[in-house]
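# Observations on the model geometry
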Amino acid sequence: EGAALRWCISVALCAAFLGLGMSIAVLGPTFPNLAANVHKNVSDIYYIFVGRSLGYLGGSVLGGVLFDCMNAHLLLALSMFGTTVGLYGIPWCKKSLLLTVLMSVIGASMGILDTGGNVLALNTWGAEAGPHMQALHFSFAVGAFVAPILAKMALGGSESKDLSVTEKTNQSIPRSMPTVSAASAVSALKHHLGADFLWSYVVIGTYLLFVSFFFFILYSKGSSARDKSKASLQKCTFARYHYALIALLFVFFFCYVGAEVTYGSYIFTYAEVFAEMKENEAAALNSVFWGAFAACRGVAIFCAACLYPGTMILLSIVGSAVSSSCLAFFARHPASLWAGTTVYGASMATIFPSGISWIEQYTVVQGKSASLFVIGAALGEMCIPALVGYLQGRFHHVPVVMYTALVTSAMTVILFPLMYKLANCPGESDLKEMSESEDRKALLSNSGLNEDEEDEEDAGEWNEADFEVIEMNDTLRNSVIETSRKIPGDSPAKVSLQPHLDDVLCDSPVAAAGSPGRKNVNVDREKND
């Protein structure tokens, strides 16, 4: 029953992350329609990205705090319900300020889901969380891949239908009013097209609503009490340099996610400007990067079952370092560009889930720690692409994108061995156990030596006693023999001396132990008798 429950939690988390990927990726293809819906130009509503990013950061911080003090399933259910409300409100939003507020709400809800989902997967599976973490982030990649297709399907159906309606309308309008008919037809087309296109938000919101119901059911079962107790039992396993590890992993994810988003965002422009590719070739190159990224995350689900997270991170950073070096110095050659892009996309796929699984082996990952990881990733996603865009505008003839990939790969190559060294330092509890074990060994060795010395001293004392008793017995024996020779027959002296001799021999400790002196005296007595 416990195993079935854990698998149900994993399936629900994968479904939630599928919706998370769709919610994030649907904004790109629908951005022009959002601008038309609020009667603004595309360049005038750029701040909705800022609002969503700030909401995502705030939600990550809030989720890290709330996850440590309330039920995990209830928190995730409420976050997905908040995302659903925001997605439902977007198609009817006619004001840019209200649109920014809704985007901030959606970003905050997604930040809570991202933070809480990673921690819940770790608490549910513990040391076996590797494949499930890879499946979680593979579901996110699939959602990001499905959302543009969903939006394009809505756009394609509405385009064909509205174009036929427009042609019939233009044919029925008299030739005396060509300008008015064209304007009305185009406005009607844009209005209907935008409305159909924005219905993709409703579809994604409905999907997340169903997933949130499943988490409400898990909350009603009260199944996360076991996970909470398990997490409380693990609180004694903090690493010696816990906070240093968290800070270094924050920087590690900052570099990694920033490089990933930067390359995926600018490779199309780089291929057209620097590699002089055609538009369809540049689009294919961009698709190769994200396709290799998603495919490698799917393969990593099975690789994580037989490889340690540290091994997967090592393979990934080595692959990213080699491919980014190839891209930085040989990217003008088409073969190097295609091969380097494929390897770079595959190498970047498993670092984030493997990093979370790796750090959980050495220290406790609570809600606040996971929120720092998500915040680092979100800051890298915001800052590094903006910096690259600014530098590329200043230095037109320098491939800033490729050099950024090389620098961030070098940073990850430096940071991971440092984190590994800190993670393997023995903690305070380990040091105490080592010192206690050494003290026990020293005490045991000393007690063993003392016992040996005492045994040797006792043996020496008993040997001295033996010699003294033997000498005394020999003296008595000689005196008895001489007396018996002087007194002929069975004299009273012999009889009176015999009990005295027996008493002396019986009272001696060595005689009681069966010493050789006792045996010799008895033999002589028999001879004399």
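Quick look at the structure, then. Since we're looking at a predicted model, the values are computed, not measured.

## Looking at the environment of L391
Take L391: it is sitting in helix α14 (residues 367-394). Here L391 falls in the partly exposed class, since its relative accessible area comes to 29%. Distance from L391 to V401, taken between C-alpha atoms, is 9.5 Å for residues 10 residues apart in sequence.

## Quick look at the state of the cysteines
Scanning all chains against the criterion turns up 0 disulfides. No disulfide involves C306; its sulfur sits 5.8 Å from that of C303, the nearest cysteine.

## A short note on the packing of aromatic side chains
Within this structure, the stated rule accounts for 12 aromatic pairs. Ring centres 5.0 Å apart and planes at 20° place the aromatic pair Y270 and F274 in the stacked group. Consider the rings of W358 and F416, whose centres lie 5.4 Å apart with planes at 55°: the pair is tilted. Residue W358 is located in helix α13 (residues 351-360), and its partner F416 is located in helix α15 (residues 400-423); the two are separated by 58 residues in the primary sequence. A network of ring pairs unites the aromatic residues Y263, F289, W290, F293 and Y344 as a single cluster.

## Topic: the side chain of T100
Counting through the fold element by element, T100 comes out in helix α5 (residues 96-125). T100 gets classed as buried once you look at its relative accessible area, which sits at 14%.

What counts as what
- Residues numbered from 1 in each chain as written.
- Predicted model: local features only at pLDDT ≥ 70, side-chain atom pairs only at ≥ 80, totals over all residues.
- Heavy atoms only, no water.
- Helix = DSSP H or I, 4+ residues; strand = E, 2+ residues; numbered from the N terminus.
- Buried < 20%, exposed > 50% of the residue type's maximum accessible area, 1.4 Å probe, protein only.
- Disulfide = S-S within 2.5 Å.
- Phe/Tyr/Trp six-rings, centres within 6.5 Å; stacked < 30°, edge-to-face > 60°.

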